[in-house]
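Chain and residue survey
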Amino acid sequence: MAPTSPDRPDLPVHRSLLTPLAFLERTLVAWPEKLAVVDGARRLTYRALGGRIYRLASALRAAGVRRGDRVAVLSPNSTELLEAHFGVPQLGAVLVPINARLAPAEVAAILEHSGARVLLLDAALAAEGPARPPRAPLVVWTGAGAERAPAWGEIGYERLLATGSPEPFAPEVEDEEEIISITYTSGTTGQPKGVMYTHRGAYLNALGEIVEAGLQPSSVYLWTLPMTHCNGWCFTWAVTAAGARHVVVPRVEPAQVFRLLEEERVTHLCGPPSIVLALAAEPPRPGYRFPGPLRAVVAGAPPHPAAIERMEALGAAVTHVYGLTETYGPHTVCEWQEAWDAEPPARRAALKARQGIGYLHAPEVRVVDADLRDVPADGETIGEIVMRGNNVMKGYFRDPDATAAAFAGGWFHSGDLGVMHADRYIELVDRKKDVIVCDGDNVSTMEVESVLLQHPAVGEAAVIGVPDERSGEVPKAFVTLRPGRAATVEELLAHCRERLADFKCPRRIELGPLPRTPTGKPQKYKLREREWGGRPKRIN
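Here we look at the pairing of strand 3 (residues 70-74)
Strand 3 sits mainly inside the fold: 5 of its 5 residues count as buried. Alternating positions in strand 3 separate into two faces, Arg70, Ala72 and Leu74 on one and Val71 and Val73 on the other, with burial throughout. Pairing of strand 3 with strand 4 (residues 94-98) involves 5 bridges; the strand directions are parallel. Across the sheet, Ala72 pairs through a bridge with Val96, a residue of strand 4. With helix 3 (residues 79-90) bridging strand 3 and the parallel strand 4, this β-α-β connection has right-handed handedness. Two elements, strand 3 and strand 5 (residues 118-122), share 4 bridges in a ladder whose sense is parallel. Looking at strand 5, one finds that Val73 is bridged to Leu120.

In structure tokens form, the structure reads like this:
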């Protein structure tokens, strides 16, 4: 299959268009017969995957989709969702990936706000059917049962592909600053916003993932991270660029993950600490270790050292990265130093839990005070983490005011508080909205959560400030126990008192499941809404 990049006489000889669509073209030349996708019983070579992608692009064009139109996808991880990451932007349209765990009203709001003309909808989700927005898109059914779905289904996905051509054609992209995707924030602090990614940013971020995760043509990547979350941190494009294998799972179930790790000889996976903790909590047998070298890239919420230590005890090499939806996913990485290998396991995990330094293509990250001045690199002075450069979004879709606020002073304001260490590695302390002010003293919820996670029975912990007449607010912990483990509230309180100053200790602990975003992160704002009962919480 020959490359199809167009002749661009408008570009100087020393430049080419930066778009991740070029990765597919190259891989189709280098490894056309290599296994590209394992999705249940389905196994596709790169030649077959490429043919399906070009069929999708040409079929959508024949259906009236044009450059700049939005095409939404509501699906768990699937071959179709992976294909959409290439097929939709191939004709210059904009991909809008929607998390399959969102409520119907949330889906409808995203469809309305994005103005999607087409919705690729997984048939298994139809029973929970998102209500159509006023300007209903064309609906294309995907997944099992798609061809039989009677309700809204104008056409099934495979029937749509049959109307297209597998012949490659040049990407219909004129400027690398065009929008490739609008990805909606996960809603940890409220209403999601549409984050605009460009072809150029996606290209550079994907290259960064190849470098930092060590992807090679021999790599086998297991999709424990939703492809809808920051476009799978751009691993949708990165794995393809490397000529590696995608192993698709629609949802994370530890037993299935361990089976695929062994059957497919998985070398890489990504996800938030909740996934790492779930795997570490349910190994197939006592003394289990992963069957081969496994690189686990962890981000999405600040990972506690206990989570890293548990995963590495199973034989994984953990790479800790940090970023936000507004930075295409990861922006920094805790680059490992050989000298740290000699440290005890707990100390190594604590060092690795730091957020580190900027990616190779995105080195600009600072910790600043309210006047955008750098805080001292003493590991103690707290400031806000700000970034700029290749890894930062173009802005929020149809929200210039929010964009201007986020880019105040020429830097993207993360809303995360952190410190700068003497070695220039940054470390998160807390979200601005999460810091607890107790009798005038600041309490880091992350510090309290980390102590709770040191208890062998604790699987996850979320700490917030709750109202208190004398102190203003005090810490309260919400704890989920590990499967098969038991602990009383009194035991957990005693555990905290042995390790924390009195004002930092939770006054109360509540056992049970945590409310979560569709990407698995605890929704602290929902806990706060419940505890504060409509009273305003002071934000410092």
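Considerations on the pattern of salt bridges
Inspection of the entire model under this criterion finds 25 salt bridges. Measuring nitrogen to oxygen at the nearest pair gives 2.8 Å for the salt bridge that ties Lys352 to Glu312. Here Lys352, found in helix 12 (residues 345-352), pairs with Glu312, found in helix 11 (residues 305-313); they are 40 residues apart in sequence, far enough to count as distant. Residue Glu312 is classed as partly exposed on the basis of its relative accessible area of 23%. One salt bridge in this structure joins Lys524 and Glu449, with 2.7 Å as the shortest N-O distance. Residue Lys524 is found in helix 16 (residues 524-532), and its partner Glu449 is found in helix 14 (residues 445-453); the two are separated by 75 residues along the sequence.

Comments concerning the pairing of strand 5
Most of strand 5 is tucked away, with 5 of its 5 residues classed as buried. Neither face of strand 5 is left uncovered, since the one carrying Val118, Leu120 and Asp122 and the one carrying Leu119 and Leu121 both have all their residues buried. Direction of pairing for strand 5 relative to strand 6 (residues 138-142): parallel, over a ladder of 5 bridges. Bridged to Leu119 within strand 6 is Val139.

What to know about the nonpolar core
Formed by 86 residues in total, the largest nonpolar core has its most connected members in Trp233 and Phe235. Examining the composition of this core, we find that 8 residues originate from one element, helix 2 (residues 46-62), more than from any other.

Considerations on the environment of Trp532
One can find Trp532 in helix 16. Residues Trp532 and Gly465, 67 residues apart in the sequence, show an inter-C-alpha distance of 9.2 Å. Reaching out from Trp532, the side chain makes a polar contact with the backbone oxygen of Gly465 at a distance of 2.8 Å.

Here we look at helix 14
Counted residue by residue, helix 14 has 8 buried out of 9 residues, so it is predominantly covered. Among all positions in helix 14, only Thr445, Met446, Val448, Glu449, Ser450, Val451, Leu452 and Leu453 are buried.

Observations concerning the sheet that holds strand 12 (residues 268-271)
Strands in a sheet are paired, the pairing made by backbone hydrogen bonds, and the direction either parallel or antiparallel. Strand order in the open sheet made by the 9 strands is 2-1-11-10-12-13-14-15-16, with mixed pairing throughout. In the strand order of this sheet, the two ends are held by strand 2 (42-45) and strand 16 (357-358), each with one partner. Pairing of strand 10 (residues 220-222) with strand 12, which is carried by 2 bridges, proceeds in the parallel orientation. Paired with Leu222 across the bridge in strand 12 is Leu269. Sitting on the sheet, helix 8 (residues 235-242) is in contact with strand 10, strand 11 (245-248) and strand 12, with an inclination near 140° to strand 11.

Notes on unusual backbone geometry
Within the chain, Tyr328 stands out as a residue other than glycine whose phi angle is a positive 60°. Its place among the elements puts Tyr328 in the loop between strand 14 (316-324) and strand 15 (329-333). Given a relative accessible area of 1%, Tyr328 falls into the buried group. The phi dihedral of Arg424 falls on the positive side, at around 75°, and the residue is not glycine. Residue classification places Arg424 among the partly exposed positions, given a relative accessible area of 49%.

Regarding the sheet that holds strand 18 (residues 383-387)
Strand order in this open sheet of 4 strands is 17-18-20-21, and the pairing throughout is antiparallel. Whereas interior strands pair on both sides, the edge strands pair on one side only; in this sheet they are strand 17 (365-368) and strand 21 (426-431). Recorded for the sheet is a direction-independent mean angle of 45° between the axes of neighbouring strands. Of the strand pairs in this sheet, strand 18 and strand 20 (residues 412-420) are connected by 4 bridges, and their pairing is antiparallel. Bridging from a neighbouring strand, Glu384 pairs with Leu417 of strand 20.

Here we look at the packing of aromatic side chains
In the structure shown here, the tally under the stated rule is 11 aromatic pairs. Measuring from ring centre to ring centre gives 5.0 Å for Tyr221 and Phe235, while their planes differ by 10°; the resulting arrangement is stacked. One end of the pair, Tyr221, is in strand 10; the other, Phe235, is in helix 8, with 14 residues separating them in the sequence. For Tyr221, a relative accessible area of 0% corresponds to the buried category. Among the aromatic residues, those joined into a ring-pair cluster are Tyr221, Trp223 and Phe235. Sitting over the ring of Phe169, Arg61 keeps its end group 4.5 Å from the ring centre.

Calculation rules
- Residues numbered from 1 in each chain as written.
- Predicted model: local features only at pLDDT ≥ 70, side-chain atom pairs only at ≥ 80, totals over all residues.
- Heavy atoms only, no water.
- Buried < 20%, exposed > 50% of the residue type's maximum accessible area, 1.4 Å probe, protein only.
- Helix = DSSP H or I, 4+ residues; strand = E, 2+ residues; numbered from the N terminus.
- Pairing = 2+ DSSP bridges.
- Right-handed = clockwise from strand over helix to strand, strands pointing away.
- Salt bridge = Lys/Arg side-chain N within 4 Å of Asp/Glu carboxyl O.
- Core = buried A, V, L, I, M, F, W, Y, C linked by side-chain atoms within 4.5 Å.
- Polar contact = N/O pair within 3.5 Å; in protein donor to acceptor, adjacent residues only side chain to side chain.
- Contact = heavy atoms within 4.5 Å.
- Axes fitted to C-alpha atoms, helices over the stretch in contact; angles between N-to-C directions.
- Phe/Tyr/Trp six-rings, centres within 6.5 Å; stacked < 30°, edge-to-face > 60°.
- Lys NZ or Arg CZ within 6 Å of the ring centre and 35° of its normal.

The analysis is restricted to geometry; functional conclusions fall outside its scope.
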